[in-house]
Amino acid sequence: MITSNIDPQPADFADVRATNLSVVLRFVRDHAPCSRADIAAGTGLNKATVSSLVADLIERRLVREIGLTENRVGRPAIMLMLDGAPYAAIGVEINVGYVTAVAVGLGGERLLSWRRAFEPGQHVGEGIAAVAAIIRRVANRMTKQNRQVLGLTVAVPGLIDAQGAVRLAPNLGWRDLDLGGDLAKALRDPGFPIQVDNDANLAALAEQRFGEHAGATDLVYLTGEIGVGAGVIMDGALRRGALGFSGEIGHIQLDASGPACRCGRVGCLEAMAGIGALLDTVSGAEVEEIERLAQAGDAATIARIESVGSNLGKGVAIVANLLNPSVVVLGGFYVPLAPWLLPALEAEVRARAIAPEVRVVASSLGLDAAALGGAARVLDSVDSGRLPSVT
Ligand SMILES: [Zn+2]
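Residues numbered from 1 in each chain as written. Predicted model: local features only at pLDDT ≥ 70, side-chain atom pairs only at ≥ 80, totals over all residues. Heavy atoms only, no water.

So, the packing of helix α9 (residues 299-323) against helix α10 (residues 334-352)
When two helices pack together, their arrangement is given by the angle between the helix axes and by the axis-to-axis distance. The N-to-C vectors of α9 and α10 enclose an angle of 55 degrees; their axes lie 6 Å apart at closest approach. Between α9 and α10, the crossing angle belongs to the class labelled oblique. As for how α9 packs across α10, the hand of that crossing is right-handed. Taking contact as the criterion, the partners of Ile 302, Ile 305, Glu 306, Val 308, Gly 309, Ser 310, Leu 312, Gly 313, Lys 314, Val 316, Ala 317 and Asn 321 in α9 are, on α10, Tyr 334, Leu 337, Trp 340, Leu 341, Ala 344, Leu 345, Glu 348, Val 349 and Arg 352. (Axes fitted to C-alpha atoms, helices over the stretch in contact; angles between N-to-C directions. Helix = DSSP H or I, 4+ residues; strand = E, 2+ residues; numbered from the N terminus. Parallel < 35°, antiparallel > 145°, perpendicular 65-115°, else oblique. Left-handed = near helix turned anticlockwise from the far one by under 90°. Contact = heavy atoms within 4.5 Å.)

Structure below.
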């Protein structure tokens, strides 16, 4: 279970009930269908307390009863599972060339998944207006489904500080931007909280909650966009660093005489192993074309992908030596190219990593990972006690 270190829950007396509600909610999420007695046995809370907490969760429509057990000795018990029908969590990823929006229900079920072309524009305001328009449409769609939006997290490729301000997003040309505040203003106070986080961090959260390696306690996610960022989960929690800027693997220098990077330096990993090393402009169509050429056995294309794979392997070897993850997940545009990328990458990791047995895999969440992670962060907030009030 991931705990968000952005939303610390003060442990004073008034929060004991909220904490217990979240304990029960998480138990139901992990063990449903389960009975009140199962919850009491599993959490150590006494039965009367569990009954009261479950009644509260049912009233908030976070949990519902689904009838009696059949195969149980003794008195049949009423079983419980997540409800969440009146709720939605939204995640939006802003990146070079596109915006992705997803909405999920309380149990993580996908309600909506959109991708729209996006250019940040000449002025910051244009980009914000474009993103706000997409958010408004997603929120309206949820309202039409009679769902209350629990929250929204926006994923941005760049340095996001602990307060959620965009300090630097070089590939979008953004600097010192209160993106959450600006979006709330553009949406005229939408009535749900807006958080902003780094795209790689959120994608790592998505892998941890929804991916093929869900539950992995030591996982590193690498974004495969124009930029390359790392989301680091160690010992079960996202590791953000002192200012929240951990994981900027894209600007490790691989070659002092390498190509120029958008950050102003040369030979950075993302200039040599980012998807921009293969493409002139980033578009799904162009990646599809490269995939098609590789599938057709085009030697020059395969050699270019393998070169990116080797460069990426140097970065993965550093990650493996430094953090000893059990799995490194490649995301974004690396996913469709993985069949040609991985062999070259793995050879480089084998040659350089002292720590053995790091698995490198392509994300099963594809291009939605960061947006899904945005929704996951909203669900994490609910799981840690920020429950919707009774309506
Ligand atoms: Zn750089």
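What about the sheet that holds strand β10 (residues 174-177)?
Spatial ordering of the open sheet is given by β8-β9-β10, a layout of three strands whose pairing is antiparallel. Sheet topology places β8 (159-160) and β10 at the edges, where each strand pairs with a single neighbour. Across three bridges, strand β9 (residues 166-169) lies against β10 in antiparallel orientation. Residue Leu 168 lies in a different strand from β10, and its bridge partner there is Arg 175. (Pairing = 2+ DSSP bridges.)

A few points about the pairing of strand β16 (residues 359-362)
Taken together, the four bridges between strand β15 (residues 327-330) and β16 define a ladder with parallel strand orientation. Directly across from Leu 330, in β16, lies its bridge partner Ala 362. In this fold, the crossover linking β15 to β16 by way of α10 has right-handed handedness. (Right-handed = clockwise from strand over helix to strand, strands pointing away.)

Describing the coordination of the zinc ion
Binding of the zinc ion to the protein goes through His 251 (ND1), Cys 261 (SG), Cys 263 (SG) and Cys 268 (SG), at separations of 2.0 to 2.3 Å. The site at the zinc ion holds four donor atoms, and with the angles between them running 107 to 117 degrees, its shape is tetrahedral. As a motif over one chain, the donors of the zinc ion read H-x9-C-x1-C-x4-C. Given a relative accessible area of 9%, Cys 261 falls into the buried group. (Donors = N, O, S within 2.8 Å, 3.2 Å for Na, K, Ca; no water. Tetrahedral: all angles 85-135°; square planar, octahedral: opposite > 155°, others 65-115°. Buried < 20%, exposed > 50% of the residue type's maximum accessible area, 1.4 Å probe, protein only.)

Remarks on the sheet that holds strand β6 (residues 110-118)
The sheet built from five strands is open, its strands ordered β6-β5-β4-β7-β11 with mixed pairing. Looking at strand neighbours, the two that pair on one side only are β6 and β11 (194-198), the edges of this open sheet. Strand-to-strand twist in this sheet, taken as the mean axis angle between neighbours without regard to direction, amounts to 20 degrees. Where strand β4 (residues 87-95) and strand β7 (residues 148-156) come together, seven bridges link them in parallel fashion. Its bridge partner being in β7, Glu 93 is matched across the sheet by Ala 155. The strands touched by helix α6 (residues 199-210) within the sheet are β4, β7 and β11, with β11 carrying the most contacts at an inclination of about 100 degrees.

What to know about the pattern of salt bridges
Counted under the stated rule, the structure contains 14 salt bridges. Asp 176 is the salt-bridge partner of Arg 167, the closest N and O atoms lying 2.8 Å from each other. Between Asp 197 and Arg 240 there is a salt bridge; the shortest N-O distance is 2.9 Å. One end of the pair, Asp 197, is in strand β11; the other, Arg 240, is in the loop between β14 (237-238) and α7 (269-273), and 43 residues separate them in sequence. Owing to a relative accessible area of 10%, Arg 240 belongs among the buried residues under this scheme. In the salt-bridge network here, residues are joined through shared partners; they are Arg 29, Arg 209, Asp 380 and Asp 383. (Salt bridge = Lys/Arg side-chain N within 4 Å of Asp/Glu carboxyl O.)

Some thoughts on the nonpolar core
Formed by 47 residues in total, the largest nonpolar core has its most connected members in Val 24, Leu 25, Ile 39 and Leu 57. Among the elements that line this core, the one with the most residues is helix α11 (residues 369-383), at eight residues. Not counting the four nearest positions on each side in its chain, Leu 25 is found in contact with Leu 57, Leu 62, Val 63, Leu 82, Val 382, Asp 383 and Leu 387. By size, the runner-up hydrophobic cluster in this structure holds 37 residues, among which are Val 220, Ala 294, Ile 302 and Val 349. (Core = buried A, V, L, I, M, F, W, Y, C linked by side-chain atoms within 4.5 Å.)

Observations regarding the packing of aromatic side chains
Summed over the entire model, instances satisfying the criterion amount to one aromatic pair. Both rings, one in Tyr 98 and one in Phe 333, keep their centres 6.4 Å apart while their planes meet at 85 degrees; by these two values the pair is edge-to-face. With Tyr 98 in strand β5 (residues 97-104) and Phe 333 in the loop between β15 and α10, the pair connects residues that are 235 residues apart, well separated along the chain. In this pair, the class of Tyr 98 matches that of Phe 333, namely buried. (Phe/Tyr/Trp six-rings, centres within 6.5 Å; stacked < 30°, edge-to-face > 60°.)

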